[in-house]
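Overview (structure and organization)
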Amino acid sequence: MTVPAESPDTSPGPAIALASARGRWILLTTVLGSTMAMLDGTVVNVALPRIGEDLDADLAVLQWTVNAYLLTLAGLILVGGSLSDRFGRRRIFTLGVVWFAVGSLLCGLAPNAGVLIAARALQGIGGALLAPGSLALIQASIRADDRGRAIGLWSGLGGVGAAVGPFLGGWLVDGPGWRWVFLLNVPLAAVCVPVALRHVPESRDPQAHGRFDVAGAALGAGALGLVTYALIEARSGSAAVIVAAVLGVLLGAAFVYVERRRADPMVPPDIFASRQFTAVNLVTLCVYAAIGGFFFLVVLQLQVVSGYSALVAGAAMLPTTLLMLLLSARSGELGERIGPRIPLTVGPLLCAVGTLLMLRVGPAASYVQDVLPAMVVMGMGLVALVAPLTSTVLASVDPGRAGLASGINNAAARVAGLLAVAALPLLSGMGPESYRSATQFDAAFGRAMLWCTGAFLAGAAVAWVTVRSPASKACHPQCHTYCAVSAPPLEPRERGDRTAPG
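Below: a short report on this structure. Just so we're clear, the structure is a prediction, and the values are computed from it rather than from any experiment.

**A closer look at the nonpolar core**
- With 141 residues, the main nonpolar core has Leu297, Leu302, Met358, Leu382 and Phe441 as its most contacted residues.
- The element best represented in this core is helix H10 (residues 275-304), accounting for 18 residues.
- Sequence-distant contacts of Leu382, defined by excluding residues within four places in its chain, comprise Ile291, Phe295, Thr320, Met324 and Cys351.

So this is what it looks like as structure tokens:
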């Protein structure tokens, strides 16, 4: 990987008041950037059935449409954070926004499934570059007295973006078409980049040093890519699938070997010396695998089996999002008072109940009687789970490593979702054309929900057995609102976040 020459020290100048014109421009820039990534995560699933119909694609293409983005994002997000700290947060942020917009444009213009999947991978690279800079720009530019309020506004506005995402995605799919789900990012970027270049000061971490772990990033991404390919294409039973699976495992082992021996590894093995940190990441892998699989399949079930339009299927997710927006901050405060063990156990158990309630959703399902109870219980489970999980991650390591710990936890959540979307159709017996048949998909969906339930129960068991010490104060109460809407959030640091959710 070629990196630019070392830039001059561009540490932030005088801190900027949030109430000033420049402070408001900075907030607008960061909200626009994070909203691009968040909207993409909430609207694409709604569009999947229409994408498959328009491109005459099988289920594997729909899986890759989701996973190509997650693959590059998960594999490179820690590298993106390092680039941001070293070469300038504004520079890498704006590069990521442009890259993300170009990838979105290519997705919207894709003539076939192959081009769409490749463009989604490009989007993921852009996301890995822009995500770390969003919250870091606030941390580096806004004066300390205003920082908490700025983070709260950033969190709330980002949460609004996540809430309207399913509505917007459904309206676009049913109206102008699924391609506008991606093309929507282009005008957002056209506003974001000029504002960032004109009004946001450059900053970087003058203490950033060491060489980039290019080998670790390549081995990690390669292992994930090969294992994902093997899971998605496993039905064929071809020699290529077997070779990919073996190579993926070997690259994974090589990744561990390299990280244990590098002076500056991307994922320092010694951070896992904290038993609490290791335990919470195991919980993250279990519950975010279940969450990723649940939301990937539910929107398909509602459209393919229950006959809902894209708009109605997207709107069906709204109760979960609203509950997290309204209650996650209080959940974080409760977790600080009683410790993380009970919330990290009860949260996944509630999610498991919500998943089982989805078994009632079949042909001609009533939204009020069948779908709404499942979404409310799922939302309450996520409310109980996400904020305390974040607090525990941050409390389990030294404060100076909070950004790294959050970045690793964020990557773990992405990897869990990636593998779940790849493996669930295989485990539940979904054939390549299952999503075209309401009867076949309904049967496989029921089996998939049982797998998701098992993953939630496993997360609850791991939490109950391994999580012990109480969580210390989290980064900022308002953060939980935003973080609960997307992925595990990040601790804002004085010198910028290593990775930001998106």
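**Structural notes on the environment of Met317**
- Looking at the secondary structure, you find Met317 in the loop between helix H11 (310-315) and helix H12 (318-338).
- With 54 residues separating them along the chain, Met317 and Val371 place their C-alpha atoms 9.3 Å apart.
- In contact with Met317, other than residues within four places in its own chain, are Pro166, Phe295, Val298, Val299, Leu302 and Met375.

**A word on the pattern of salt bridges**
- As enumerated under the stated definition, the model contains five salt bridges in all.
- Here Glu433 makes a salt bridge to Arg436, at a shortest N to O gap of 2.4 Å.
- By relative accessible area, which is 40% here, Glu433 ends up partly exposed.

**Comments concerning unusual backbone geometry**
- Here the phi dihedral of Asp56 falls at roughly 50 degrees; this positive angle occurs in a residue that is not glycine.
- With respect to the helices, strands and loops of the structure, Asp56 is situated in the loop between helix H1 (21-55) and helix H2 (59-87).
- A relative accessible area of 62% means that Asp56 is categorised as exposed.

**Topic: the packing of helix H3 (residues 89-109) against helix H7 (residues 185-199)**
- Interhelical geometry of H3 versus H7 gives an angle of 160 degrees and a closest axis separation of 9 Å. On the basis of their axis angle, the class for H3 and H7 is roughly antiparallel. Crossing hand, H3 versus H7: left-handed. Contacts between H3 and H7 involve Arg90, Phe93, Thr94, Val97, Val98, Phe100, Ala101, Ser104 and Leu105 from the first element and Asn185, Val186, Ala189, Cys192, Val193, Ala196 and Leu197 from the second.

**Regarding the packing of H1 against H7**
- Two elements in contact, H1 and H7, have axes whose closest approach is 9 Å; the angle formed by their N-to-C orientations is 150 degrees. Considered as vectors, H1 and H7 are oriented roughly antiparallel to each other. Of the two elements, H1 crosses H7, and the hand of that crossing is left-handed. Here Arg22, Trp25, Ile26, Thr29, Leu32, Gly33, Met36, Leu39 and Asp40 of H1 come into contact with H7, specifically with Asn185, Leu188, Ala189, Val191, Cys192, Val195, Ala196 and His199.

**Digging into a nonpolar patch on the surface**
- A cluster of nonpolar side chains, namely Leu334, Ile338, Ile342, Val346, Leu350, Val376, Met380, Trp464 and Val465, defines an oily patch on the protein surface of about 730 Å² accessible area.
- Sorting the residues of the nonpolar patch by element identifies H12, helix H13 (341-357), helix H14 (367-395) and helix H16 (438-466) as the ones contributing at least two each.
- Here the nonpolar patch gets three residues from one element, more than from any other, and that element is H13.
- Inspection of the secondary structure puts Val346 in helix H13.
- Judged by its relative accessible area of 37%, Val346 falls in the partly exposed class.

**Things to note about H7**
- With 15 residues, H7 extends 21 Å from end C-alpha to end C-alpha; this agrees with the ideal 21 Å at 1.5 Å per step.
- In this fold, the buried residues of H7 make contact with H1, H3, helix H4 (113-141) and helix H6 (179-183).

Cut-offs applied
- Residues numbered from 1 in each chain as written.
- Predicted model: local features only at pLDDT ≥ 70, side-chain atom pairs only at ≥ 80, totals over all residues.
- Heavy atoms only, no water.
- Core = buried A, V, L, I, M, F, W, Y, C linked by side-chain atoms within 4.5 Å.
- Buried < 20%, exposed > 50% of the residue type's maximum accessible area, 1.4 Å probe, protein only.
- Helix = DSSP H or I, 4+ residues; strand = E, 2+ residues; numbered from the N terminus.
- Contact = heavy atoms within 4.5 Å.
- Salt bridge = Lys/Arg side-chain N within 4 Å of Asp/Glu carboxyl O.
- Axes fitted to C-alpha atoms, helices over the stretch in contact; angles between N-to-C directions.
- Parallel < 35°, antiparallel > 145°, perpendicular 65-115°, else oblique.
- Left-handed = near helix turned anticlockwise from the far one by under 90°.
- Patch = residues over 30% accessible without salt bridge, like charges linked within 9 Å, V, L, I, M, F, W, Y side chains within 5 Å.
- Areas by Shrake-Rupley, 256 points an atom, 1.4 Å probe, with all protein chains shown as cover.
- Expected span 1.5 Å × (residues − 1).

By themselves, these observations are geometric and do not establish any function.
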